[in-house]
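Spelled out from the first residue to the last, the chains are:
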Amino acid sequence: MEREVTLRRTTKETDISLSLKLDGTGKNEIDTGIGFFDHMLDGFARHGLFDLSVTVKGDLLVDCHHTVEDTGIVLGQAILQAVGDKTGIKRYGHFILPMDETLALCAIDLSGRPYLKYDAEFTAERLGTMDTEMLREFFYAVAYGGMMNLHLRIMEGENNHHKAEALFKSFGKALDMATQEEPRIKEAWTTKGTL
């Protein structure tokens, strides 16, 4: 079964087209209008082995907030739709990712109960044209759009670029693990009977 979703979301602030294929090879085409954000989404897709296409027309004359947050909402919704009823998937994923002096942790539960625990501090206000405070807003939007429990932590780190990139790459690796099939089970992996 192809676990592939294409979504479109249009508001007064953003116009987003996004396609996600969970069982991909990491190929991607990303144009959000924010170069640093494109770089982060590229790392997420490549290291999670997701095929990802994202085109965003946002109100960047205001700032980057709506573009980043709304992209997170749509990506979360795409993940939720792509995993379907979650029959036969691992559900949980985790990864500790080193990037030079930085060490990032990501843990995910595709539980159907949204929650974000985010522990990452940045000393720069902006990376390229992306406000660093928007990193948390992006992952919050993904967690709630995707109905997932998402924990992210920078365990060690000094360079702001490395810390941001490690968060996105660890998220990709952990999500890849959580969405993988578990051949020993044939239903959703829960004591409740459904997720």
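The preceding data block contains the structure.
Computed from a predicted model, the values in this text were never measured in an experiment.

**Comments concerning the overall build of the protein**
- In terms of regular secondary structure, the protein is built from four helices and 10 strands.
- Helices and strands in the protein line up, N terminus first, as β-β-β-α-β-α-β-β-β-β-β-α-β-α.
- Dimensions of the protein, computed from the C-alpha atoms along their principal axes, are close to 50 × 40 × 30 Å.
- Within the protein, the fraction of its 195 residues that count as buried is 51%.
- Partitioning the contacts of the protein with sequence separation of at least 6, the portion at a separation of at least 24 is 76%.
- Of the roughly 9,500 Å² of accessible surface on the protein, a fraction of 49% belongs to carbon and sulfur atoms.
- Charged side chains in the protein number 22 positive and 31 negative. The centres of these two groups are separated by 6 Å.

**Here we look at the environment of proline 98**
- As for its placement among the helices and strands, proline 98 is situated in strand S5 (residues 92-99).
- Between the C-alpha atom of proline 98 and that of tyrosine 118, which follows or precedes it by 20 residues, the distance is 18 Å.

**With respect to helix H1 (residues 35-48)**
- In this model, H1 (14 residues) spans 20 Å end to end at C-alpha, consistent with the 20 Å of a helix rising 1.5 Å per residue.
- Those residues of H1 that fall on the buried side of the exposure criterion are Phe36, Phe37, Asp38, Met40, Leu41, Asp42, Gly43, Phe44, Ala45 and Gly48.
- At the C-terminal side of H1, leucine 49 shows a positive phi close to 60 degrees.

Calculation criteria
Residues numbered from 1 in each chain as written. Predicted model: local features only at pLDDT ≥ 70, side-chain atom pairs only at ≥ 80, totals over all residues. Heavy atoms only, no water. Helix = DSSP H or I, 4+ residues; strand = E, 2+ residues; numbered from the N terminus. Buried < 20%, exposed > 50% of the residue type's maximum accessible area, 1.4 Å probe, protein only. Contact = heavy atoms within 4.5 Å. Areas by Shrake-Rupley, 256 points an atom, 1.4 Å probe, with all protein chains shown as cover. Lys, Arg positive; Asp, Glu negative; His and termini not counted. Charge placed at Lys NZ, Arg CZ, Asp CG, Glu CD. Expected span 1.5 Å × (residues − 1).

Just distances and angles here, no functional claims.
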